[in-house]
Structures are given as structure tokens and as C-alpha cells.
Amino acid sequence: VYTNEDPPTYFETNKVISGFQGVVDAYGVARYREMNPTVFTIVTFPFLFAIMFGDVGHGILMMMFALFLVLREKKMAKQRMNDMVEMAFGGRYLILLMSVFSIYTGFLYNEMFSIPMTVFGDTKWHWNNATETYQMAPGASPYAFGVDPIWHGTKTELTFLNSMKMKMSIVLGICQMLLGIGVSLWNFLEKPTGPQSVERDMLSITCEFIPRFLFLTCTFGYLAMLIVIKWFSASKADLYLLMINMFLAPGTSDCGKDCEKSDPLYGLGGLAGFLVFVAFCCVPWMLFPKPLILKKRHEKKLSGQEYGILSGDEEDGSGGLDGHGAGGGGGHGHGEEFDFGEEMVHQMIHTIEFVLGAVSNTASYLRLWALSLAHSQLSAVFYEKCFVAALEIGSWWAIVIGFYIWALATFGVLMIMESLSAFLHALRLHWVEYQNKFYQGDGYEFVPFTFKTITMD
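Residues numbered from 1 in each chain as written. Predicted model: local features only at pLDDT ≥ 70, side-chain atom pairs only at ≥ 80, totals over all residues. Heavy atoms only, no water.

Caption draft 1: Representation of the pairing of strand β5 (residues 191-194) within the structure. Sheet topology note: the β5/strand β6 (residues 197-199) ladder contains 3 bridges and is antiparallel. When the bridges of β6 are listed, glycine 194 appears paired with serine 197. Hairpin connection from β5 to β6: 2 residues lie between these consecutive antiparallel strands. (Pairing = 2+ DSSP bridges. Helix = DSSP H or I, 4+ residues; strand = E, 2+ residues; numbered from the N terminus.)

Caption draft 2: Layout of the nonpolar core. Tyr222 and Leu226 are the most contacted members of the largest nonpolar core, which totals 72 residues. Examining the composition of this core, we find that 11 residues originate from one element, helix α8 (residues 202-233), more than from any other. Phe382, Phe387, Trp406 and Leu414 belong to the second largest nonpolar core, which has 7 residues in total. (Core = buried A, V, L, I, M, F, W, Y, C linked by side-chain atoms within 4.5 Å. Buried < 20%, exposed > 50% of the residue type's maximum accessible area, 1.4 Å probe, protein only.)

Caption draft 3: Region of the structure containing the packing of aromatic side chains. According to the stated counting rule, one finds 20 aromatic pairs in the structure shown. A centroid spacing of 6.0 Å and a plane angle of 80° characterise the contact between phenylalanine 107 and phenylalanine 120, whose relative ring orientation is edge-to-face. Residue phenylalanine 107 is located in helix α6 (residues 92-109), and its partner phenylalanine 120 is located in the loop between β2 (115-116) and β3 (125-128); the two are separated by 13 residues in the primary sequence. Overall, phenylalanine 120 belongs to the partly exposed group, its relative accessible area being 37%. An aromatic cluster of three or more residues is present, and its members are Tyr27, Trp431, Tyr434, Phe438 and Tyr439. The side chain of arginine 92 reaches across the aromatic face of phenylalanine 89, ending 4.2 Å from its centre. One residue, lysine 165, lies across the ring of tyrosine 109, its end atom 4.3 Å from the ring centre. (Phe/Tyr/Trp six-rings, centres within 6.5 Å; stacked < 30°, edge-to-face > 60°. Lys NZ or Arg CZ within 6 Å of the ring centre and 35° of its normal.)

Caption draft 4: Molecular detail of the pattern of salt bridges. As enumerated under the stated definition, the model contains 8 salt bridges in all. The partner of arginine 31 in a salt bridge is aspartate 442, and the shortest N-O contact between them spans 2.7 Å. Of this pair, arginine 31 sits in the loop between α1 (18-25) and α2 (38-52) while aspartate 442 sits in the segment after α14 (396-434), and the two are 411 residues apart along the sequence. Aspartate 442 sits in the partly exposed class, given a relative accessible area of 46%. (Salt bridge = Lys/Arg side-chain N within 4 Å of Asp/Glu carboxyl O.)

Caption draft 5: Inspection of the state of the cysteines at higher detail. Under the counting rule described, the total for this entry stands at 1 disulfide. Across a sulfur-sulfur distance of 1.7 Å, cysteine 255 and cysteine 259 are joined as a disulfide pair. With the S-S dihedral at roughly -70°, the linkage between cysteine 255 and cysteine 259 falls on the left-handed side. Cysteine 255 gets classed as buried once you look at its relative accessible area, which sits at 0%. A relative accessible area of 10% places cysteine 259 in the buried class. Take cysteine 207: it sits in no disulfide, and the sulfur closest to it among the cysteines is that of cysteine 282, at 12 Å. (Disulfide = S-S within 2.5 Å.)

Caption draft 6: Structural detail: α1. Considered for burial, the residues of α1 that qualify are Gly19, Phe20, Gln21, Val23 and Val24. The inward-facing, buried residues of α1 contact α2, α5 (83-90), α6 and α14. (Contact = heavy atoms within 4.5 Å.)

Caption draft 7: Quick look at the pairing of β3. Where β3 lies against strand β4 (residues 133-136), 4 bridges are found, and the strand directions are antiparallel. Bridge pairing in β4 places tryptophan 127 opposite tyrosine 134. Between β3 and β4, which pair antiparallel one after the other, the connecting turn spans 4 residues, and glutamate 132 there sits at a positive phi close to 55°.

Caption draft 8: Structural context of helix α11 (residues 289-302). Taking 1.5 Å of rise per residue, 14 residues should cover 20 Å, and α11 covers 20 Å from first to last C-alpha, within 8% of that figure. Looking at α11, one finds that the buried residues are Lys290, Pro291, Leu294, His298 and Lys301. Relative to the axis of α11, the buried residues are bounded by an arc of 95° and lie together on one face. On the buried face of α11, the contacting elements are α8, α10 (269-287) and α12 (340-364). The positive-phi residue at the C-terminal boundary of α11 is glycine 304, with phi of around 85°. (Expected span 1.5 Å × (residues − 1). Arc of directions from axis to C-beta.)

Caption draft 9: Representation of the side chain of asparagine 245 in the model. Along the polypeptide, asparagine 245 turns up in helix α9 (residues 239-248). The exposure class of asparagine 245 is buried, given its relative accessible area of 14%. The contact partners of asparagine 245, leaving out residues within four places of it in the chain, are Pro250, Thr252 and Asp254.

Caption draft 10: Fine view of a nonpolar patch on the surface. A cluster of nonpolar residues, Trp396, Trp397, Val400, Ile401, Tyr404, Ile405 and Leu408, forms a patch on the protein surface that exposes about 820 Å² of accessible area. Within the element layout of this structure, tyrosine 404 appears in helix α14. Judged by its relative accessible area of 53%, tyrosine 404 falls in the exposed class. (Patch = residues over 30% accessible without salt bridge, like charges linked within 9 Å, V, L, I, M, F, W, Y side chains within 5 Å. Areas by Shrake-Rupley, 256 points an atom, 1.4 Å probe, with all protein chains shown as cover.)

Caption draft 11: Local environment of the side chain of threonine 219. Counting through the fold element by element, threonine 219 comes out in helix α8. A distance of 3.4 Å separates the side chain of threonine 219 from the backbone oxygen of leucine 216, its partner in a polar contact. Not counting chain neighbours up to four residues away, the residues in contact with threonine 219 comprise Met243, Met246, Phe247 and Ala279. (Polar contact = N/O pair within 3.5 Å; in protein donor to acceptor, adjacent residues only side chain to side chain.)

Caption draft 12: Just the packing of helix α13 (residues 367-393) against α14, in detail. As a packed pair, α13 and α14 sit with axes 9 Å apart at the nearest point and diverge in direction by 175°. Between α13 and α14, the interaxial angle falls into the category roughly antiparallel. Of the residues assigned to the contact of α13 with α14, the class counts are 20 nonpolar, 5 polar and 3 charged. (Axes fitted to C-alpha atoms, helices over the stretch in contact; angles between N-to-C directions. Parallel < 35°, antiparallel > 145°, perpendicular 65-115°, else oblique. Nonpolar A, V, L, I, M, F, W, Y, C, P; charged D, E, K, R; others polar.)

Caption draft 13: Examining the confidence of the model for the chain more closely. For the chain, per-residue confidence averages 86 on the pLDDT scale, and 91% of positions sit at 70 or higher. Here residues 311-335 is modelled with pLDDT under 50, and outside its nearest four sequence neighbours on either side it reaches 54 contacts, counting other chains as well. (pLDDT = per-residue confidence, 0-100.)

Caption draft 14: Looking closely at the packing of α2 against α13. Two elements in contact, α2 and α13, have axes whose closest approach is 7 Å; the angle formed by their N-to-C orientations is 50°. What the angle tells us is that α2 and α13 run oblique. Facing α2, whose interface residues are Leu48, Ile51 and Met52, α13 presents Arg367, Leu368, Leu371, Ser372 and His375. Taken together, the residues of the contact of α2 with α13 break down into 5 nonpolar, 2 polar and 1 charged.

Dropping the structure here:
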């Protein structure tokens, strides 16, 4: 039986990846033959969560909870659970991977319950009494792994960590958005035209994928490149000034008051001006060519110069001239009339959404920096004001009470509220900032036929 309806979607999963697939399906089920975001979400979701929840101690506590659920899964699967426990049990492997990544980022931040660690050796900085400053011995290498523990407790700790985490958030966000645009290429290369046929949608590749990739790369991809160069070259350039000059004063070579001509980021005005020009050219490239080409194809079909493929019940003339033949790629289904005005408005909405979204989505990734800072500072406040203050009193009862309050605050605020907050923010970044670059999510799930679902009238 031939039908114009899209086939259902089915992804084979197991107990390990079913939790990740559930996160994606909560947004929407993939279309038939649409790229499944779960393939990348298995890694990106727990990693972005760990950026906001990075602490070795908290990660170990979360791992203990996840291992408890995993090791008792056969017994718990037979028991009746309330909604909250059932939800945690269903995502036990997701929680386990989140804890592993949290321990890893905890080593990067060099924090365990907000206490700096020296697992990878002592700091290479030493106090110089003559200059009254910290100096590194000539020829000494930087700290082996993660943040140098000497930063903890200094007056410039927040300044340094804020700068590092803010730049790191932008770089990670741009990389994930570029990944999303790259995944959209797969959808265009394997676009289904029927239950058993696919085509290469060169029109969408040329008029959507390429200009979108160029626009994001030439604007915020350029910013990510500047950040990485500044990290590796110890440049003194002012990145705020460079990005402002890029749009308001193209061609300006100045990179800040402390930036000399020998600085690696000096004299990039010409490159910045060229990138802005390319980015501006991408906007009409995304907006006009595709609707005009689709209109031209439709006019050729009406004049008999080009024919669409007839199949099934389309042979009776009900849907032969739908305006989107074998090479259409316009997004309309079989048998629909082509409306140039509607197609133009549709393309305009998507173009405006992408251009404005490039700015708002990049700014949205700064939540990685904000929540990481909040988690670290809350952990430090609880430790210093509850446990350290009790240790300074010196009596055993004060230590017991102080430890009890610190443990309650850690468990109630950090392990429950902060972990839930980081989870929801990671979910938002995947659903809005990442998946909207390639994922439609308007399909429906395959449900096998069974007599159990049949109801008698």
C-alpha cells in the first residue's frame, strides 16, 4: 500500500544509552532518517554538566549514588518506585557518566570540596622577598594538569578564574554550535524523498549549510580563534576592543593600550574587515537564492520543461505538480501547492532566527561560566563558614556541629539543588543552542503492532 505519510522512527537502544535517548526524545522524536542527536549527546551532555559542576569530591558522591543504582538495577527493576526514584533509576547511566566528567573537570579546576589539591605536584611559583612578588624559576614548566593551586585564596583568584572560565565557555559553545551545523550536512546529504529513497539536497547545502557555517565561523569562530591564540602566546591584546573594532572600525590594527606591535594579535584589522564582509554577504545568501530557485523550478514544471517523479496514487494526477520534484529540497510535502510568498517568508524567518541566534546562543553559553563560579563559591562559603569556623573554635562539640551543618549544606544545596540546576541548564543548551541547528524533532515513534493495544468498541 503506497502512502505519502512519513514513516515512523525507530532507534535501537540498550539500558546504557536509553537515558540519553530519553533526553533527546523529550524535545521531540526525530524525523524518518534524520540524524539522531543522541550519538553526540552521550558525550556532550555530561561534559557540559561537568563544566558547571566540576569538583572531585562532589563528583565522587554522585558516582557513589549512580553506582548504587547500577549495581542494584536488577532488584530495583522489579520493585515499585515513585516518580522521582523511577526517573533517577532510568537515567542511572547518565548520572554515572555525569559524575565521571565532574571528577575530571574537578581535577581541571583543582578542587575537592573547594579545597585546592596538589595531586600533580606543588606549585612552581615561589615568593621573592626582594621584589615581594611570586616568580617562577627560569626554565620551570607550568603546572602539570589543571589550575595551579597557588591561585586559590589569593586576591586575584576570582579575576583569573572568571577570565579563564568565561573564555572557555565561549570556545566550547562555538565548537558545539559548529558541530550542530556540521551535523545538518548529513541531513541534507541523506534527505528522504520516500520510504525507500533518498536524495542529496544540493540546494539546501549551497544556500543553508555553507552560508551558515561561514557566518558563524567568520564572526564568533574568529573570536574563539583569538582566545586560543591569546592563551598560547601570552598576548596582551584586549579582545573586547578587537571585536568592537571588527564591526565598528574595520581595518583598525590597534589591539589595546598594553598591546605592542610585536604582539601576535596586532595588525589583524585587514583580516577582521574581510571576515565581516564575508559574514554580511552570507545574510542575503541565506535569504534570497533558495526561494528564487524553487520558484524557477516550479515554473519549469508548469511549462512542461521539467517533470516530477510520479509514484503510487500520485499517478491519478492528484499530486504530480507539487513544485518540488526529485531535486526540490524545499521542505513541502507531496501534493502541496508551491507558494513563493510563503516560501520567502519561511526563509526570511529562518535567516533572521539564525543571525540573531548566533549572538544570543553564544551569549547563552556563558551560563557555563556563571554556574561554575556559583558552584565553586557556594562550596567555598559552606566549607569556610561552617567547617573551618568550627575548627578554629577548637572544641569537639563545635567541630561535630560544624561538620554536620557543612554536610547538610553540601548535600542539600550542592548535591541536590546545584546538580538539578546544572542538569537543566545543560538540557537547555542542547535543546535550544545545539539541536536547533539541525534537528526538527517532529517525527513520531515506531510502535509495533500488538493485540494488547486494540480496544473493542
